[in-house]
Amino acid sequence: MKSSIIKIGFFGLVISFIAINVTAQEKLINRNELPKMAQKFISDYFKNQAPDYIIVDKKYFSTDYKLQFADGTEIEFDAEGNWTEVDGNKNTIPTGYLQKNILNYVNEKFPNAKIIQVEKGTFKQEVKLSNGLELEFNAKGEFKRIED
């Protein structure tokens, strides 16, 4: 009896996972379909570039946006239009949206390196430099460690 309940529960979990993934949809959109915050971010920091493509990824529990420019720079946004990642694909990226203490730390400790990628999570931010180092900062922008 107990094993059949476990089997039924496991089967239900598998069916739920499949249903969630089937409902996920990716589609191409244009710039004015992005959330307003994402549109403002692009016009503030990437004003001279037009996106090659923008994809909206609608999942059961979340919506994400991914944008790519002709130079290979990619930006990811959450459902509200907050940036979550900016990746220059080995090229220098604009940094005016980063916290000043992160910029000050990078400029002071690595004056010859450029920022080529940033990723922002709830509790930390990761900064990748042109010299190959990856730096981790907390949500307040305080340096925590160098990642390997």
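Structure: above.
Now for a look at the structure at hand. All of these numbers come straight from a predicted model, not from anything done at the bench. (Residues numbered from 1 in each chain as written. Predicted model: local features only at pLDDT ≥ 70, side-chain atom pairs only at ≥ 80, totals over all residues. Heavy atoms only, no water.)

## Details of the overall build of the protein
Here comes step 1: Along the backbone of the protein there are three helices and nine strands.
Here comes step 2: Ordered by position in the sequence, the α and β elements of the protein form the string α-β-α-β-β-β-β-α-β-β-β-β.
Here comes step 3: Residues classed as buried in the protein amount to 34% of the 148 residues present.
Here comes step 4: Sequence-distant contacts in the protein: of pairs separated by 6 or more residues, those separated by 24 or more amount to 37%.
Here comes step 5: In the form shown here, the protein has an accessible surface area of approximately 9,600 Å², with 54% of it arising from carbon and sulfur atoms. (Helix = DSSP H or I, 4+ residues; strand = E, 2+ residues; numbered from the N terminus. Buried < 20%, exposed > 50% of the residue type's maximum accessible area, 1.4 Å probe, protein only. Contact = heavy atoms within 4.5 Å. Areas by Shrake-Rupley, 256 points an atom, 1.4 Å probe, with all protein chains shown as cover.)

## Looking at the pairing of strand S5 (residues 83–87)
Here comes step 1: Burial analysis of S5 places four of its five residues in the buried class, the great majority of the element.
Here comes step 2: One ladder, built from four bridges, connects strand S4 (residues 74–77) with S5; its direction is antiparallel. In the strand pairing of S5, Glu74 is matched with Asp87.
Here comes step 3: Once S4 ends, the chain turns through five residues before running back antiparallel as S5, passing Gly81 with a positive phi of about 100 degrees.
Here comes step 4: Examined bridge by bridge, S5 and strand S6 (residues 115–120) share three bridges and lie antiparallel to one another. Paired with Asp87 across the two strands is Gln117, which belongs to S6. (Pairing = 2+ DSSP bridges.)

## A short note on the nonpolar core
Soluble, globular proteins show a tendency: their nonpolar side chains are buried together.
Here comes step 1: With 29 residues, the main nonpolar core has Val86, Ile115 and Val118 as its most contacted residues.
Here comes step 2: In contact with Val86, other than residues within four places in its own chain, are Phe41, Phe46, Thr73, Glu74, Ile75, Ile93, Tyr97, Ile116, Gln117 and Val118. (Core = buried A, V, L, I, M, F, W, Y, C linked by side-chain atoms within 4.5 Å.)

## Some points on the pattern of salt bridges
Here comes step 1: Under the defined criterion, the tally for this structure stands at nine salt bridges.
Here comes step 2: Put simply, Glu136 and Arg145 hold a salt bridge, and the shortest N to O gap is 3.2 Å.
Here comes step 3: On the basis of relative accessibility, which here comes to 10%, the residue Glu136 falls in the buried class.
Here comes step 4: Between Arg145 and Glu147 there is a salt bridge, with its nearest N and O atoms 3.7 Å apart. (Salt bridge = Lys/Arg side-chain N within 4 Å of Asp/Glu carboxyl O.)

## Remarks on the environment of Ala38
Here comes step 1: Relative to the helices and strands, Ala38 is located in helix H2 (residues 36–45).
Here comes step 2: Among the residues examined, Ala38 registers a relative accessible area of 0% and is labelled buried.
Here comes step 3: Counting along the chain gives 39 residues from Ala38 to Phe77, while the straight-line C-alpha distance between them is 6.9 Å.
Here comes step 4: With sequence-adjacent residues up to four places away left out, Ala38 is seen in contact with Phe77 and Gly81.

## Some points on the packing of aromatic side chains
Here comes step 1: For the structure on display, the rule yields twelve aromatic pairs.
Here comes step 2: Residues Tyr45 and Tyr97 carry aromatic rings whose centres are separated by 5.2 Å and whose planes lie at 70 degrees to one another, so their mutual orientation is edge-to-face. Here the residue Tyr45 occupies a position in helix H2, and Tyr97 occupies one in the loop between S5 and helix H3 (100–109), the gap between them amounting to 52 residues.
Here comes step 3: For Tyr97, a relative accessible area of 14% translates into the label buried.
Here comes step 4: Ring geometry for Phe46 versus Phe69: centroids 5.2 Å apart, planes at 20 degrees, classification stacked. Here Phe46 is found in the loop between H2 and strand S2 (51–58), whereas its partner Phe69 is found in strand S3 (residues 63–69), with 23 residues between them in sequence. (Phe/Tyr/Trp six-rings, centres within 6.5 Å; stacked < 30°, edge-to-face > 60°.)

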